[in-house]
Amino acid sequence: MLTNENILNALKEVNDPELHKSIVELNMVRNIQIEGTHISLDVILTIQGCPLKAKIQQDIEQALKGIGASSVSLTFGSMTDEERRNLTASLKSENVTNQGMPKMLLPDSGVNFIAVTSGKGGVGKSTVTINLAVALARLGKKVGILDADIYGFSIPAMMKTNEKPTMIDQTAIPVVSNGVQLMSMGFFTKDNQPVMWRGPMLNKWIRNFLVNTHWGDLDYLLLDLPPGTGDVAIDVAAMIPQAQEIIVTTPHNAASHVATRAGLMAQHTKHAILGVVENMAYFEPTDGEKHYLFGQGGAQNLADELHTNVIAQVPFARPAENTGSSVYDEHSIVGEAFTNLAEDIIYQEQKLVRL
Ligand SMILES: Nc1ncnc2c1ncn2[C@@H]1O[C@H](COP(=O)(O)OP(=O)(O)OP(=O)(O)O)[C@@H](O)[C@H]1O
Ligand SMILES: [Mg+2]
């Protein structure tokens with residue numbers, strides 16, 4: 001028999017698609033009426049015109065039919081301002097300690113931070129960030145990308161997403177693309193206008209991105225840093241000392257002065273270095289040998305200088321694999337290189353946990 005209680009139990013399994021929390025826990029289910037096997041109820045959405053209404057409706061119907069409902073009718077409403085404020089406060093208390101520190105920064109938060117950096121621009125930091133994130137997500141990890149390239153944000157365009165984060169009051173729900181949660185300054189500027197902030201304002205933004213974003217449970221947060229040793233790298237270092245760095249280089253950009261700069265940066269930030277990724281390492285046509293267009297050995301020299309290892313050699317994408325998006329197909333040579341790297345990173349992390 002259908003009762004209020006077993007209806008609520010069934011609906012506990014239905015999550016708000018954006019907040020990834022049970023709609024019962026979020027107090028979105030109201031006014032349940034049962035007439036035989038027909039159920040009607042009100043669903044109170046967090047925001048008006050919630051784009052994922054159809055998904056919620058479908059999930060509710062499925063859950064209730066699973067416990068024997070023959071038909072379900074839903075009436076949608078939206079939370080009052082006060083309800084929304086309470087929800088934001090409760091989301092925030094999950095994200096932030098009493099001292100105002102993002103909980104994800106606590107040593108036992110379980111979030112692995114990986115900052116992707118380089119001594120020089122244009123070597124493929126964003127490409128590495130995106131494809132490593134997508135590869136980790138494909139392997140079942142919960143992954144976010146924080147586009148910390150505040151002035152030169154590129155992640156939304158490179159991942160070809162036109163979505164914007166949903167805002168519940170001041171809390172942003174990240175955009176999800178290819179199974180990865182994204183936050184970028186690019187979501188908050190009008191028509192891709194450049195960002196002019198400096199110093200303290202900038203620092204505040206990185207903090208805001210951590211505090212005022214509902215990331216949910218994450219296994220990895222990848223930070224796409226701007227090149228060099230600028231403000232952002234220093235702020236990230238101050239705020240996330242536990243981040244590990246991946247240094248990206250191309251074979252010919254690993255010249256010693258660049259290496260020194262990358263080395264200085266790593267010393268400066270005191271971040272542990274996960275390793276060097278050599279991007280555009282070679283070109284390999286489908287039916288031929290590898291061509292080392294930019295020479296060989298540069299990344300290894302850099303790794304030696306930084307007392308670390310080359311953890312991946314990412315080839316040039318084949319022309320047919322360049323589809324306009326910077327997310328390379330899992331089965332392309334670039335995609336495979338990132339799957340291998342993601343597997344190695346997960347393996348290393350598990351080894352550390354076992355120690
Ligand atoms: N392995 C690759 N094969 C083919 N093209 C690539 C590869 N890696 C990067 N690219 C291309 O090279 C260009 C620069 O890459 P990307 O934007 O990732 O570099 P970046 O280091 O983030 O640059 P910036 O310093 O400007 O932020 C992009 O057009 C990207 O699509
Ligand atoms: Mg970039």
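As shown above, the structure is provided for reference.
Residues numbered from 1 in each chain as written. Chains lettered and ligands numbered in written order. Predicted model: local features only at pLDDT ≥ 70, side-chain atom pairs only at ≥ 80, totals over all residues. Heavy atoms only, no water.

Visitor: I keep staring at the site of ligand 1 and nothing clicks. Help me out?
Guide: Looking at ligand 1, there are 16 residues lining it, with G122, K125, S126, T127 and N279 nearest. In this structure, an oxygen atom belonging to ligand 1 sits 3.1 Å away from a main-chain N or O atom of V123. Here T127 contributes a side-chain N or O atom positioned 2.5 Å from an oxygen atom of ligand 1. Notes on ligand 1: free accessible area 630 Å², of which the protein chains cover 71%. Take the shell around ligand 1: its biggest share by element is 3 residues, from helix α4 (residues 125-138). (Near = heavy atom within 4 Å. Polar contact = N/O pair within 3.5 Å; in protein donor to acceptor, adjacent residues only side chain to side chain. Areas by Shrake-Rupley, 256 points an atom, 1.4 Å probe, with all protein chains shown as cover. Helix = DSSP H or I, 4+ residues; strand = E, 2+ residues; numbered from the N terminus.)

Visitor: So what exactly am I meant to see when it comes to the side chain of E349 here?
Guide: By the secondary structure assignment, E349 is in helix α10 (residues 333-354). Here E349 sits buried without a salt bridge, and the closest side chain of opposite charge, K141, lies 4.6 Å off (N-O distance). (Buried < 20%, exposed > 50% of the residue type's maximum accessible area, 1.4 Å probe, protein only. Lys, Arg positive; Asp, Glu negative; His and termini not counted. Salt bridge = Lys/Arg side-chain N within 4 Å of Asp/Glu carboxyl O.)

Visitor: What should I look at first to understand the packing of aromatic side chains in this one?
Guide: Given two aromatic rings, their pairing is described by the distance between the two centres and the angle made by the two planes. By the definition in use, this model includes 3 aromatic pairs. The cationic tip of K290 hangs over the ring face of Y282; the distance from NZ or CZ to the ring centre is 4.4 Å. (Phe/Tyr/Trp six-rings, centres within 6.5 Å; stacked < 30°, edge-to-face > 60°. Lys NZ or Arg CZ within 6 Å of the ring centre and 35° of its normal.)

Visitor: How should I be thinking about helix α2 (residues 53-66) in this particular structure?
Guide: Think of an α-helix as 3.6 residues a turn; residues three or four steps apart then line up on the same face. Between its terminal C-alpha atoms α2 stretches 20 Å, which fits the 20 Å expected from 14 residues at 1.5 Å a residue. Listing the buried residues of α2 in full gives I56, D59, I60, A63 and L64. Within α2, the buried residues cover an arc of 125 degrees as seen down the axis, which keeps them to one side. Residues of α2 that are exposed and point more than 90 degrees away from the buried face comprise A54, Q62 and G66. Elements that come into contact with the buried residues of α2 comprise α1 (4-12), β1 (15-16), β4 (38-45) and β5 (71-78). (Expected span 1.5 Å × (residues − 1). Arc of directions from axis to C-beta. Contact = heavy atoms within 4.5 Å.)

Visitor: Honestly, the sheet that holds strand β12 (residues 220-224) in this entry has me stumped. Any pointers?
Guide: Backbone-to-backbone hydrogen bonds join strands into a sheet, with any given pair of strands oriented parallel or antiparallel. Across the sheet, 8 strands lie side by side as β10-β11-β7-β12-β6-β13-β14-β15; this open sheet has mixed pairing. Strand pairing shows two members of the sheet lacking a second neighbour, β10 (175-177) and β15 (310-314), which therefore form its edges. The mean angle between the axes of side-by-side strands here comes to 25 degrees, regardless of whether they run parallel or antiparallel. Strands β6 (112-117), β7 (143-147), β11 (180-184), β12, β13 (244-249) and β14 (272-279) of the sheet are contacted by α4, whose axis makes an angle of about 165 degrees with β12. (Pairing = 2+ DSSP bridges. Axes fitted to C-alpha atoms, helices over the stretch in contact; angles between N-to-C directions.)

Visitor: Sorry if this is basic, but what is going on with the pattern of salt bridges here?
Guide: Side chains that differ in charge, positive against negative, can pair when their charged atoms come close. Scanning the model with the defined rule gives 7 salt bridges in all. One salt bridge in this structure joins R30 and E83, with 3.1 Å as the shortest N-O distance. Remark: E83 occurs in helix α3 (residues 81-95) and R30 occurs in strand β3 (residues 29-35); sequence separation between them is 53 residues. Here D59 and K55 are joined by a salt bridge, their closest N and O atoms 3.1 Å apart. Taken together, the residues span about one helical turn, with D59 and K55 both in helix α2 at a distance of 4 residues. The exposure class of K55 is partly exposed, given its relative accessible area of 39%. Among the charged side chains, a network of salt bridges with common partners joins K21, E25 and E94.

So yeah, pure geometry; function would need other evidence.
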